[in-house]
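Geometric and topological summary
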Amino acid sequence: MGYLKKIVGGEHDKVELNEPLIIRIPKGTTVIILSKLNKLLKSNPGTTQVILEIPQGEEVRTLSLPNPVKVTKNLVDNIREILLY
């Protein structure tokens, strides 16, 4: 599991102002789940940059998304629900 450092997904969740929203994607996440996450993020426009951390073997690839979001408790809860944290 990850964490929300503005990282979403785990026991050390926290949200800090003026930092990007970093979302750890669990291994084995399907394209369908990623599509749902994308739709959720696009439906919450705002000013916070989103970075995905995607596991690739032993490495973690980071991907900056082009659309910033508005971070709310509801958004974080929905991300957790989609990614099954």
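Residues numbered from 1 in each chain as written. Predicted model: local features only at pLDDT ≥ 70, side-chain atom pairs only at ≥ 80, totals over all residues. Heavy atoms only, no water.

1. Quick look at helix 1 (residues 31-42)
An α-helical segment advances 3.6 residues per turn. Residues three or four places apart therefore align on the same side. Threshold: Comment: elements are numbered from the N terminus, with helices defined as DSSP H or I runs of at least four residues and strands as E runs of at least two. For a helix, the expected span equals 1.5 Å multiplied by the residue count minus one. Burial here depends on accessible area, computed with a 1.4 Å probe over protein chains only, as a share of the maximum for the residue type. Under 20% is buried, over 50% is exposed, and the range in between is partly exposed. Summarising the geometry, the arc corresponds to the directions from the helix axis toward the C-beta atoms. It only takes one pair of heavy atoms within 4.5 Å for two residues to be counted as in contact.
Its 12 residues place the ends of helix 1 16 Å apart at the C-alpha level, agreeing with the 16 Å of an ideal helix rising 1.5 Å per residue. Taken residue by residue, helix 1 has Leu37, Leu40 and Leu41 as its buried positions. In an axial view of helix 1, the angular spread of the buried residues amounts to 95°, which keeps them on one side of the axis. In helix 1, the exposed positions that point more than 90 degrees away from the buried face belong to Val31, Ile32, Lys39 and Lys42. In this fold, the buried residues of helix 1 make contact with strand 2 (21-24), strand 3 (45-48), strand 4 (50-56) and helix 2 (73-83).

2. Comments concerning the nonpolar core
The condition is simple: The term nonpolar core refers to a set of buried residues drawn from Ala, Val, Leu, Ile, Met, Phe, Trp, Tyr and Cys, joined through side-chain atoms within 4.5 Å.
Among the nonpolar cores identified, the biggest contains 14 residues, and Ile23, Leu37, Leu41, Val50 and Ile79 are the most heavily contacted of them. The biggest single contributor to this core is helix 2, with four residues.

3. Quick look at the environment of Gln56
Relative to the helices and strands, Gln56 is located in strand 4. For Gln56 and Lys27, which are 29 residues apart along the polypeptide, the C-alpha to C-alpha distance reads 8.2 Å.

4. Considering the pairing of strand 4
What counts is decided by this rule: A pair of strands is treated as paired once DSSP finds two or more bridges between them.
In the sheet, strand 2 pairs with strand 4 via four bridges, with the strands oriented parallel. Directly across from Ile23, in strand 4, lies its bridge partner Leu52. With six bridges connecting them, strand 4 and strand 5 (residues 59-64) associate as antiparallel partners. Directly across from Leu52, in strand 5, lies its bridge partner Leu63.

5. Some points on the environment of Gly57
With respect to the helices and strands, the residue Gly57 is situated in the loop between strand 4 and strand 5. The class for Gly57 is exposed, based on a relative accessible area of 53%. Taking the C-alpha atoms as reference, Gly57 lies 9.1 Å from Lys27; in sequence the two are 30 residues apart.

6. So, the pattern of salt bridges
Rules: The salt bridge definition used is simple: a Lys or Arg side-chain nitrogen within 4 Å of an Asp or Glu carboxyl oxygen.
Considering all chains together, one arrives at three salt bridges under this definition. For Glu53, the salt bridge identified is with Arg24, shortest N-O distance 2.5 Å. Taken together, the residues Glu53 in strand 4 and Arg24 in strand 2 connect sequence positions 29 residues apart. One salt bridge in this structure joins Asp77 and Lys73, with 2.7 Å as the shortest N-O distance. One end of the pair is Asp77 and the other is Lys73, both in helix 2 and four residues apart, which spans about a single turn. The exposure class assigned to Asp77 is partly exposed, which follows from its relative accessible area of 29%. Linked through salt bridges whose partners overlap, the residues forming this network are Lys73, Asp77 and Arg80.

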